Amino acid sequence: MKVARLTLVTQVVAAAALLLGSAGAWSQADEARAKKIAGGSCFLCHGAQGESTSEVFPRLAGQHAEYVAKQLSAFKNGQRKSTAMAEMVSKLTPDEMLALGKYYEKMSIPREEAKEPQLAAMGRYIYHNGNKFSGVPACVSCHGQNAEGAANLPRLATQFSGYIHTQLKSFNKRDRTNDNAVMHVVAEKMTELEMAAVAEYVSSK
């Protein structure tokens, strides 16, 4: 009886080891695939290390994997509009999108000081306190103390201020509709100056 039990335990352990080994192999395969995709097309706009070549294109380094995958999916199904991105993601599978997200999530960009300190100071106040006179809520409640975001919310820290400003304007005008509807309510109350200020502040976090 003891021998039979030992045999059963041995089989279970062996099966578990096989599964773990298989998962590790798949993980390596996914990362290799993501690296190949990124090196084939993504790097042209987003940089070899996700650092981006222009504020027109978002920095992907350090961005949450799930959020990246969500945006790629939105570009593919048309929820988020971009002719260039729609073409880039047209053949990507959900697994490849997540693999790309994990690939870029591992990267990092050095923090940079705000180019306009006074503007950033205004943005800091709005980010942490909102504007009670116009009804703009504090950004910190969703995006985190250090603008780190979460799996379903973008990391804003170290992102180009110009890119963030552009996205806030898109939410303000409701040109961008694929993300949380809360952003429409928030952005429509923000002035151009407030959007620029918040963008300048979080980019230096």
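What counts and what doesn't
- Residues numbered from 1 in each chain as written.
- Predicted model: local features only at pLDDT ≥ 70, side-chain atom pairs only at ≥ 80, totals over all residues.
- Heavy atoms only, no water.
- Helix = DSSP H or I, 4+ residues; strand = E, 2+ residues; numbered from the N terminus.
- Expected span 1.5 Å × (residues − 1).
- Contact = heavy atoms within 4.5 Å.
- Salt bridge = Lys/Arg side-chain N within 4 Å of Asp/Glu carboxyl O.
- Buried < 20%, exposed > 50% of the residue type's maximum accessible area, 1.4 Å probe, protein only.
- pLDDT = per-residue confidence, 0-100.
- Core = buried A, V, L, I, M, F, W, Y, C linked by side-chain atoms within 4.5 Å.
- Disulfide = S-S within 2.5 Å.
- Axes fitted to C-alpha atoms, helices over the stretch in contact; angles between N-to-C directions.
- Parallel < 35°, antiparallel > 145°, perpendicular 65-115°, else oblique.
- Left-handed = near helix turned anticlockwise from the far one by under 90°.
- Nonpolar A, V, L, I, M, F, W, Y, C, P; charged D, E, K, R; others polar.
- Polar contact = N/O pair within 3.5 Å; in protein donor to acceptor, adjacent residues only side chain to side chain.
- 1 Å grid on protein atoms, 1.4 Å probe; cavity = no way out; pocket = protein on both sides within 12 Å on 5 of 7 lines; lining within 4 Å.
- Points joined across faces, edges and corners; volume = space filled by probe spheres on them.

**Quick notes on helix α7 (residues 161-172)**
Here α7 is 12 residues long and its end C-alpha atoms lie 16 Å apart, about the 16 Å a rise of 1.5 Å per residue gives. If you follow the buried residues of α7, they end up packed against α8 (182-187) and α9 (192-203). The positive-phi residue at the C-terminal boundary of α7 is Arg-174, with phi of around 60°.

**A word on the pattern of salt bridges**
Counted by the stated rule, this structure contains 9 salt bridges. Lys-70 is the partner of Asp-179 in a salt bridge, and the nearest nitrogen-oxygen pair spans 3.1 Å. Within this pair, whereas Asp-179 is found in the loop between α7 and α8, its partner Lys-70 is found in helix α2 (residues 65-77), the two being separated by 109 residues in sequence. Residue Lys-70 is classed as partly exposed on the basis of its relative accessible area of 35%.

**Considering the confidence of the model for the chain**
Do not read the fine detail of predicted coordinates wherever pLDDT is low. On average, residues of the chain score 90 in pLDDT, and 87% of them reach the 70 mark or higher. Counting interchain partners and residues more than four positions distant, the pLDDT-below-50 stretch residues 1-6 has 0 contacts. Here residues 8-23 scores under 50 on pLDDT; set against residues more than four positions off or in separate chains, the count is 0 contacts.

**Digging into the nonpolar core**
In terms of nonpolar packing, the biggest core is built from 23 residues, with Tyr-127, Ala-147, Ile-164, Leu-168, Met-190, Val-198 and Val-202 touching the most fellow members. Where this core is concerned, the elements lending two or more residues are α5 (117-129), α7, α8 and α9. Among the elements that make up this core, the one with the highest residue count is α9 (5 residues). When residues no more than four places from it in sequence are discounted, the contact partners of Leu-168 are Met-183, Ala-187, Met-190 and Met-195. The next biggest cluster of nonpolar side chains, apart from the first, holds 19 residues, and it includes Ile-37, Leu-60, Leu-72 and Tyr-103.

**Observations concerning the state of the cysteines**
Under the definition given, this model contains 0 disulfides. Between Cys-139, a cysteine without a disulfide, and Cys-142, which holds the nearest cysteine sulfur, the sulfur-to-sulfur distance is 8.7 Å. For Cys-139, a relative accessible area of 13% gives the class buried.

**Topic: the packing of α2 against helix α4 (residues 94-105)**
Contact pair α2 / α4: the axes reach a minimum separation of 7 Å and the direction vectors enclose 140°. By the criterion of interaxial angle, the relationship of α2 to α4 is oblique. The two elements α2 and α4 cross, and the hand of that crossing is right-handed. Between α2 and α4, the residues in contact are Ala-65, Glu-66, Val-68, Ala-69, Leu-72, Ser-73 and Lys-76 and Met-97, Leu-98, Leu-100, Gly-101, Lys-102 and Glu-105, respectively. For the contact of α2 with α4, the residue count by class is 7 nonpolar, 2 polar and 4 charged.

**Some points on the environment of Lys-106**
Looking at where Lys-106 falls in the secondary structure, it is placed in the loop between α4 and α5. Taking the relative accessible area as the measure of exposure, Lys-106 reaches 64% and is therefore exposed. Expressed as a C-alpha distance, the spacing of Lys-106 and His-64, which sit 42 residues apart in the sequence, is 9.2 Å. Looking at Lys-106, its side chain comes within polar contact range of the side chain of Glu-31, at 3.2 Å.

**Observations concerning empty space enclosed by the protein**
Scanning all chains against the criterion turns up 1 cavity of 30 Å³ or more. By volume, the largest cavity amounts to about 40 Å³. Forming the walls of the largest cavity are Arg-59, Ala-61, Gly-62, Gln-63, Arg-155, Ala-157, Thr-158 and Gln-159. In terms of residue class, the lining of the largest cavity is built from 2 nonpolar, 4 polar and 2 charged.

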